[in-house]
Amino acid sequence: MASRMRRDSSLETRTARLKKPPRGKPYAGPSLGRGVRQDYRRNKTGNGSWIARGANGHGGYWTKVIAEADDLDDSNGRSILNYHEAQDAIRKLTRGDDGGSEAAPLSVDAALKAFRSDLEARQANPYNSDWVRVHLTSALLAKPVAVLSSHELQTWRDSLLATLAPSTVNRLCGCLSAALELAAQHDPKRIQNKRAWDIGLAPLPDATEARNIVLPDATVRAFVAEAYALDDKLGLLIDVLAVTGTRPSQAVRLRVADLHDHPTKPKLAMPKSAKGGGKNRAKKRVERFSVPITTTLAARLRQAAKGRPEDAPLLLQADGAPWGDNPGQRYHRWVDRVVKSIGLDPAIVSVYALRHSSIVRRLLSHMPVALVASLHNTSPKVIQRHYARFITEHADDHARIGLLQEEPPSGENVVAMAS
């Protein structure tokens, strides 16, 4: 330990430190290695503070209060440290337990990269990592996970509300929390600030209400027609979404072999969404469930699949390339044009309106909730939570059948029969 100790006569002893005037700006201390320094803040009252200062790799630096200095109280080895103990604590934080440079602290940027690799290994969508990166500041990306505070994470979360809906902010924070949690699992000795993201990235309240935009059938048909007018391949994707009500991420994973082209009862073997993560994600992604389609759509899909191998993607882009894991990035500008062309606002109506419309169409046709949920690869609980108003509307007619009727006028020997 002695060979690694860095001397500084102005900070080593409490006597020397107490001679310094109190001030908000820390006093610069000794360098403990490349880009790492031990600083000290003299407070007006009580003990001073030991501060770790590290370069962030982008021309700036980060700081973290390690502990109180033993200016007035003796060291307890935890919350109050002497000069030498503070150096050891800073080394452990920034260079690992052994002080080796190969154990540099994991930054948020590195945590997101590791999270992306983990998502790919589990056959999950790496966009969940890339999406977070787009919205993070360079300062947060460069900061070590171990020194993140709940205040700075909450400040970042709340700043997103200027441009994103609360429900979107919650999903974004969930992705970042997952990346930080993974980092903590790999480096539990140094990353012990889990409460920072538990508190700072906590879900915003009252942000789960679904914006379920439901379109009349005539508008849905116009949506599909305008998409075909722009591009046949885009039109075919939108047609599948309108008829099946499936998620775009599922539709683009359809293979040629998933088209069951029955002459009167055609259907698609739709891939499951694998939402919710878990260890069985890869298994769920290869599972299929049957979804009926119209004979008209089947004919169009049959033509699109003609001459192609069974394991080829069923739906392609205009240039013949697959839509990929994040189809929205490729079609969103086209969909905005389609929405505008039918007189609607792209800021309100998205391609998911086709899914909502499909669910409500089936509910209003008196289809059982469990079957509606099954056809749309979700749960009855979700259907009931987000579409309760429509369930109530079509259930009202059934509920009225057994109502007690008014007594017929006196003298009329008539029994009202249920219609």
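Located above this text is the structure these notes cover.
Residues numbered from 1 in each chain as written. Predicted model: local features only at pLDDT ≥ 70, side-chain atom pairs only at ≥ 80, totals over all residues. Heavy atoms only, no water.

Topic: the environment of Arg288
Following the sequence through the fold, Arg288 ends up in strand β8 (residues 288-292). Since its relative accessible area comes to 32%, Arg288 is described here as partly exposed. Dropping the residues within four chain positions of it, Arg288 is found in contact with Arg253, Arg255, Asp258, Ala269, Met270 and Pro271. Among the polar contacts listed, one links the side chain of Arg288 to the side chain of Asp258, at a separation of 3.0 Å. A distance of 3.4 Å separates a polar side-chain atom of Arg288 from the backbone oxygen of Ala269. (Helix = DSSP H or I, 4+ residues; strand = E, 2+ residues; numbered from the N terminus. Buried < 20%, exposed > 50% of the residue type's maximum accessible area, 1.4 Å probe, protein only. Contact = heavy atoms within 4.5 Å. Polar contact = N/O pair within 3.5 Å; in protein donor to acceptor, adjacent residues only side chain to side chain.)

Considering the sheet that holds strand β5 (residues 80-81)
Spatially, the five strands line up as an open sheet ordered β1-β2-β3-β4-β5, and their pairing is mixed. Bordering the open sheet on either side are β1 (31-33) and β5, each of which pairs with just one other strand. Pairing of strand β2 (residues 36-41) with strand β3 (residues 49-55), which is carried by six bridges, proceeds in the antiparallel orientation. Across the sheet, residue Arg41 finds its bridge partner in β3, namely Ser49. (Pairing = 2+ DSSP bridges.)

Description of the environment of Gly245
Along the chain, Gly245 turns up in the loop between α10 (232-244) and α11 (248-251). C-alpha separation for the pair Gly245 and Asn377, spaced 132 residues apart in sequence, amounts to 9.6 Å. Among all residues touching Gly245, those that are not within four sequence positions of it are Val240, Leu354, Arg355, Ser358 and His376.

Some points on the packing of helix α3 (residues 108-121) against helix α4 (residues 127-135)
α4 packs onto α3 with a crossing angle of 160 degrees between their chain directions and a minimal axis gap of 8 Å. Of the possible angle classes, the one that applies to α3 and α4 is roughly antiparallel. Side by side, α3 and α4 meet where Asp109, Leu112, Lys113, Phe115, Arg116 and Leu119 of the first sit next to Asn128, Ser129, Asp130, Val132 and Arg133 of the second. Residues that form the contact of α3 with α4 fall into these classes: four nonpolar, two polar and five charged. (Axes fitted to C-alpha atoms, helices over the stretch in contact; angles between N-to-C directions. Parallel < 35°, antiparallel > 145°, perpendicular 65-115°, else oblique. Nonpolar A, V, L, I, M, F, W, Y, C, P; charged D, E, K, R; others polar.)

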